[in-house]
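Geometric and topological summary
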2 protein chains.
Amino acid sequence: MSSLQGNLLIGQRNVTGNSKTIHAINPATGETLEPAYAGGSTAEVDQACQLAWEAFDVYRETSLEERAVFLETIASQIEAIGNDLVERAMTETGLPQARIEGERGRTCGQLRLFASVVRAGEWLDVRVDPAMPDREPMPRPDLRQRHIALGPVAVFGASNFPLAFSVAGGDTASALAAGCPVIVKAHSAHPGTSELVGRAIQAAVKQCNLPEGVFSLLFGSGREIGHALVVDPRIKAAGFTGSRSGGLALLNAAQNRPEPIPFYAEMSSINPVFPMAHALKARGKEMAEGFVASLNMGAGQFCTNPGLVIAVKSQALDDFVAAAGETLKQSAAQTMLTPGIHEAYEQGVSRLAKHDKVREVARGQTGDSPNQCQSGLFVTTAEDFLADHELQEEVFGATSQVIECQNEEEVIRIAEHLEGQLTVTLQMDDDDLAAAQALLPTLERKAGRILVNGWPTGVEVCHAMVHGGPYPATSDSRTTSVGSAAIFRFLRPVCYQNLPDGLRPEALKESNPLQLTRLYDGKRES
Amino acid sequence: MSSLQGNLLIGQRNVTGNSKTIHAINPATGETLEPAYAGGSTAEVDQACQLAWEAFDVYRETSLEERAVFLETIASQIEAIGNDLVERAMTETGLPQARIEGERGRTCGQLRLFASVVRAGEWLDVRVDPAMPDREPMPRPDLRQRHIALGPVAVFGASNFPLAFSVAGGDTASALAAGCPVIVKAHSAHPGTSELVGRAIQAAVKQCNLPEGVFSLLFGSGREIGHALVVDPRIKAAGFTGSRSGGLALLNAAQNRPEPIPFYAEMSSINPVFPMAHALKARGKEMAEGFVASLNMGAGQFCTNPGLVIAVKSQALDDFVAAAGETLKQSAAQTMLTPGIHEAYEQGVSRLAKHDKVREVARGQTGDSPNQCQSGLFVTTAEDFLADHELQEEVFGATSQVIECQNEEEVIRIAEHLEGQLTVTLQMDDDDLAAAQALLPTLERKAGRILVNGWPTGVEVCHAMVHGGPYPATSDSRTTSVGSAAIFRFLRPVCYQNLPDGLRPEALKESNPLQLTRLYDGKRES
């Protein structure tokens, strides 16, 4: 790991910070990891923003092919780091090798998916309404629309996906695909992983002969740098995955700038699961296995972790809870990402455990090394859940609550009472169809993704994915942070009226040299 | 006009308000118009929101055909009002008959355009990633995406388009098209026009057998009702066209709700025009005619009024200014929409006239009846414009400033200095192409629509239109308020994973019964 230098990457330059120093910690041992990362200051934010601004007009007009190759080059550069990346990420996060390798595959896969999306060009949403010079009473001018990039984007790396939601993660990939330069504020939990990936992007920028300001990487403890980034007038949008308090503070800053900007925060979700009566009866035990496996995945540190189970009280539900409790008791303790996350988890579980309306069903195995979490399963009634809003607060980690309802109407009442979610899950059999149909309209209003007979952990990177949802799951339910539709977060439409063909952007020329799908005079051309 | 009752419309009910009374004023005479409109209170806001909420799940799942027919029925009902509508609108606004009739045509045309958009179903943006059960290392589930309506929408009628941006205007049409119930807060300047159109929508709701909460119409002076609407938890988005202060106050309320919502405000734009050197020389006089005609259109009360002219100082520019001044001097005084708007215009012009760095070129004719405006043309230098931010403030009405620049670099500097705009206009000849190309990247970053050799007033309702732009032209540059793409403002994506076909919404069924365009496994099906 001698290649790590502990520097900020400002365009092609390596810059030594002079603010408070960050060290990664191996959560499995508590050991401090080298090198030190001296945090940046507002001076480095200013430099990175200036470079990004200077790069913007050039980068946003790179050809579809150039931009696609750039995204593919980033993927290749990340793969070229080889095992050093896997090892460093494992050491910094406590996550197992298979998970990190899988996440690397996902990260590179999503960069390549966006390359294909860029090439296809549907995101330009080209619309042409040709002139109608003889129309009465007024002629129609020639009107053409395309989408252009919003501007430089600030990306905040997440703690729980050190690759797929971090330096070259979903937000970076979609913003670069849209034509936006990116400045990443690395998560302080995995600075080494961030540096390695940041250098891969830096190398790809150089290899593709792009302006250096297309990418910069900042380190910094506390909120100073993040705030400075979000309020910088050259930053035109931001993506964030993290805590509700952190997300809301930055959202507030983004909205109160002299020029407000879109701020995409993914913040909080407890991902309710609705096991329905017939399914519970027919396969409650099997369901309990699947549920606990999903709950424990990655030590429960998924945004889509199933933190709530809502069902009608019955013998079958009791059996499900008992079976889940038995399985959960066998769950080995797992290392959490950081001491801070572990501490917050312990506090959250203890809040549930001490709650006089909440009954503890089971706890998992205790650990014998630092920062290990003990899974947890709790039960409460619908009435008590409705009465105490605190019971809706996310406990980030492998703990879930079962809400016992009197009947299906109360299940719907609980669903209506929920805040916005990333996912909701139905466990149902054919005979549950009517009940599921009754519940569906509520679920659609509450969540970005509705699953049947699966588990919410595991987010497919594809065209149809929505990783988003009503507030407070995210700050903007109109978009997704995973999947190819994420490119739309960083675009805005521009209309060109009566431009001579020589002045039109390539995408809008009458001869359609890029062979794009167009809505031409209201009809889809393909 | 005996049919006017002065009531609020809460679903199908006519409700008499009990707050402060509104009277329309005929701006051409100063005469107070009957009937009185007793304003609503928060109680009526609550009733309208409750009805809208109850209607939402039903209305958003109406078939494409049902919803299209509803929009067409609204158009027919508006036309059926006949001349009473034209007369009342003329009396309330001081606008001439041809303009009101044209605006009625546009209003009904855009309702019918949205009907065709709803039927085509592209707005659903259906994406299907079919299951891959044999994929290694993990099978892929079946994932399908469609867009659904955000929820009940609050619409604020604008003063300057009593039909096309008011009760059944663009925001209402696009929100209804998306599947959102609408509650309109009528603009107090034209309550009678609002009531007539509101009753037309109310009749269409009944005729189409839709839940009554699909539409309500509120009256109220001051900001109480508007604020109550925007903060009501059942309202999920809002559209606004009006002043910057009014827009920002409501935007702030929308963002600071427990659950923030999208708030689409169109607020302020001075719509710069860039006459380029060769065009100025070749046809400066003709250009001056076109410019003054656009400036005077509708007494300058267009969001896209050309309030700024930016060009390199030259003899040709002097000649243009002189010719424009001569034409403007002949401009007849025109009645403005309201006494308040007239007063604000007088203040704005007087601020310019008294400014020691601003030179008055010409004023139009004075009027002899109340609330008539005198057009105005002023000149200042780029240096002085850059030094005083106040000179960028919109003067709503037929007044424009010419900014004299030293050279083309200074033109670009001025362009960079501008706030976000709805439109920018280039007047250019073939020999101006290089200069136009140098300016274009800046213009794209500043405006929603770029015109060549036309004038910004006159907004075509079509597929390629963008009536929007960076802040403060609007609060959200990612959307448009005019044209078929406006439907996207009121939608959000939802992903359905592994739903049995029986539970899938019609739009997502495997057999594609609605024959929608889909992105199927990444490929466009048509």
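Bear in mind the structure is a predicted one, so any value in this text is a computation, not a measurement.

1. Details of the domain arrangement of chain A
Interfaces are often sized by the accessible area lost when the parts come together. All names here are of chain A. Along its sequence, chain A is carved into domain 1 (8-267 + 478-489) and domain 2 (272-452). Here the C-alpha centre of domain 2 lies 33 Å away from the C-alpha centre of domain 1. Between domain 1 and domain 2, roughly 1,200 Å² of surface is buried when both sides are summed, and carbon and sulfur atoms account for 59% of that area. Broken down residue by residue, the surface that domain 1 buries against domain 2 is led by Pro-27, Asn-160 and Glu-266, which jointly contribute 35%. Linking domain 1 to domain 2 there are one salt bridge.

2. A short note on the packing of helix H1 (residues 42-59) of chain A against helix H7 (residues 224-231) of chain A
Residue and element names in this part refer to chain A. Closest axis-to-axis distance for the H1/H7 pair is 9 Å, and the angle between their directions is 35°. When you trace H1 past H7, the crossing you get is right-handed. Between H1 and H7, the residues in contact are Thr-42, Val-45 and Cys-49 and Glu-224, Ile-225, Ala-228 and Leu-229, respectively. Of the residues belonging to the contact of H1 with H7, the class tally is five nonpolar, one polar and one charged.

3. Focus: the sheet that holds strand E12 (residues 272-275) of chain A
Strands sit in the order E15(A)-E17(A)-E18(A)-E13(A)-E12(A)-E19(A)-E20(A)-E21(B)-E6(B)-E5(B)-E22(B)-E23(B) across an open sheet of 12 strands; the sheet is mixed. Across the chains shown, the open sheet's two edge strands, defined by having one partner strand only, are strand E15 (359-363) of chain A together with strand E23 (523-525) of chain B. Across the sheet, the axes of successive neighbouring strands diverge by a mean angle of 20°, strand direction being ignored. Where strand E5 (residues 126-129) of chain B and strand E6 (residues 143-149) of chain B come together, three bridges link them in antiparallel fashion. Among the inter-strand pairings, Asp129(B) is bridged to a residue of E6(B), identified as Leu143(B). Helix H13 (residues 408-417) of chain A rests against E12, strand E13 (308-312) and strand E18 (399-405) of chain A of the sheet, and its axis sits at about 155° to E13(A).

4. Notes on the packing of aromatic side chains
Applying the stated criterion to the full structure yields 20 aromatic pairs over all chains. Residues Phe291(A) and Trp455(A) carry aromatic rings whose centres are separated by 6.1 Å and whose planes lie at 50° to one another, so their mutual orientation is tilted. A residue pair is termed long-range when its members are at least 10 positions apart, and Phe291(A) in helix H9 (residues 277-296) and Trp455(A) in the loop between strand E20 (447-452) and strand E21 (491-497) qualify at 164 residues. The same class applies to Phe291(A) and to Trp455(A), which are both buried. A centroid spacing of 4.6 Å and a plane angle of 45° characterise the contact between Tyr37(B) and Phe219(B), whose relative ring orientation is tilted. Taken together, the positions of Tyr37(B) in strand E4 (residues 32-39) and Phe219(B) in the loop between strand E9 (215-218) and helix H7 (224-231) put the pair 182 residues apart, joining distant regions of the chain. The exposure class assigned to Tyr37(B) is buried, which follows from its relative accessible area of 0%. Site record: aromatic cluster; members linked through ring pairs are Phe156(A), Phe240(A) and Phe263(A).

5. Digging into the sheet that holds strand E13 (residues 308-312) of chain B
Read across the sheet, 12 strands follow the order E23(A)-E22(A)-E5(A)-E6(A)-E21(A)-E20(B)-E19(B)-E12(B)-E13(B)-E18(B)-E17(B)-E15(B) without closing on themselves; strand pairing throughout is mixed. Strands at the two margins of the open sheet, each flanked by one partner only, are strand E23 (523-525) of chain A together with strand E15 (359-363) of chain B. Direction aside, the axes of adjacent strands within the sheet are offset by 20° on average. For strand E12 (residues 272-275) of chain B and E13(B), the ladder comprises two bridges, and the chain directions are parallel. Residue pairing for E13(B): Pro272(B) is matched across the bridge by Leu308(B).

6. A short note on the relation of the copies chain A and chain B
The two copies are related by a screw operation: chain A maps onto chain B through 180° of rotation and 0.0 Å of translation along the axis, at an RMSD of 0.0 Å. What the rotation and shift describe, once combined, is the action of a two-fold rotation axis. Both copies contact each other with a shared surface, as 100% of the interface residues of chain A are interface residues in chain B too.

7. Overview of the pattern of salt bridges
Inspection of every chain in the model, using the stated rule, returns 72 salt bridges over all chains. Among the ionic pairs, Asp521(B) bridges to Arg140(B), the shortest N-O distance being 2.9 Å. Of this pair, Asp521(B) sits in the loop between strand E22 (518-520) and E23 while Arg140(B) sits in the loop between E5 and E6, and the two are 381 residues apart along the sequence. A relative accessible area of 9% means that Arg140(B) is categorised as buried. Residues joined by salt bridges that share partners form a network here, namely Asp57(A), Arg60(A), Glu61(A), Arg146(A), Glu416(B), Glu444(B) and Arg445(B).

8. Comments concerning unusual backbone geometry
With an omega of -5°, the peptide bond running from Glu34(A) to Pro35(A) counts as cis. Of note, the bond from Glu136(A) into Pro137(A) is cis; its omega dihedral lies within 30 degrees of zero at 0°. For Ala299(A), which is not glycine, the phi torsion reads 55° and is therefore positive. Counting through the fold element by element, Ala299(A) comes out in the loop between H9 and E13. For Ala299(A), a relative accessible area of 1% puts it in the buried group. Backbone geometry places Asp521(B), a non-glycine residue, at a positive phi of 55°.

9. So, the interface of chain A and chain B
Taken together, the contact between chain A and chain B spans 72 residues of the former and 72 residues of the latter. In total, chain A and chain B occlude about 5,900 Å² of area from one another, counting both sides; carbon and sulfur atoms represent 54% of this. The largest share of the area that chain A buries against chain B comes from Glu444(A), Arg478(A) and Leu503(A), three residues that together contribute 12% of it. On the surface where chain A and chain B come into contact, there are 12 salt bridges. Between Glu460(B) and Arg135(A) there is a salt bridge, and its shortest N-O distance comes to 2.6 Å. At the boundary of chain A and chain B, one finds 46 residue pairs in polar contact (both at pLDDT 80 or more). Only H1, strand E5 (126-129), strand E6 (143-149), helix H14 (433-446), E20 and E21 of chain A provide two or more residues apiece to the side of chain A that touches chain B. Residues that form the side of chain A that touches chain B fall into these classes: 38 nonpolar, 13 polar and 21 charged. Two strands pair when backbone bridges link them, and E20(A) and strand E21 (residues 491-497) of chain B are joined in this way by three bridges, in the parallel orientation.

Criteria and thresholds
Residues numbered from 1 in each chain as written. Chains lettered and ligands numbered in written order. Predicted model: local features only at pLDDT ≥ 70, side-chain atom pairs only at ≥ 80, totals over all residues. Heavy atoms only, no water. Domains from an automatic or database assignment. Buried area = accessible area lost by both parts, 1.4 Å probe. Salt bridge = Lys/Arg side-chain N within 4 Å of Asp/Glu carboxyl O. Axes fitted to C-alpha atoms, helices over the stretch in contact; angles between N-to-C directions. Helix = DSSP H or I, 4+ residues; strand = E, 2+ residues; numbered from the N terminus. Left-handed = near helix turned anticlockwise from the far one by under 90°. Contact = heavy atoms within 4.5 Å. Nonpolar A, V, L, I, M, F, W, Y, C, P; charged D, E, K, R; others polar. Pairing = 2+ DSSP bridges. Phe/Tyr/Trp six-rings, centres within 6.5 Å; stacked < 30°, edge-to-face > 60°. Buried < 20%, exposed > 50% of the residue type's maximum accessible area, 1.4 Å probe, protein only. Least-squares fit on C-alpha atoms with pLDDT ≥ 70 in both. Polar contact = N/O pair within 3.5 Å; in protein donor to acceptor, adjacent residues only side chain to side chain.

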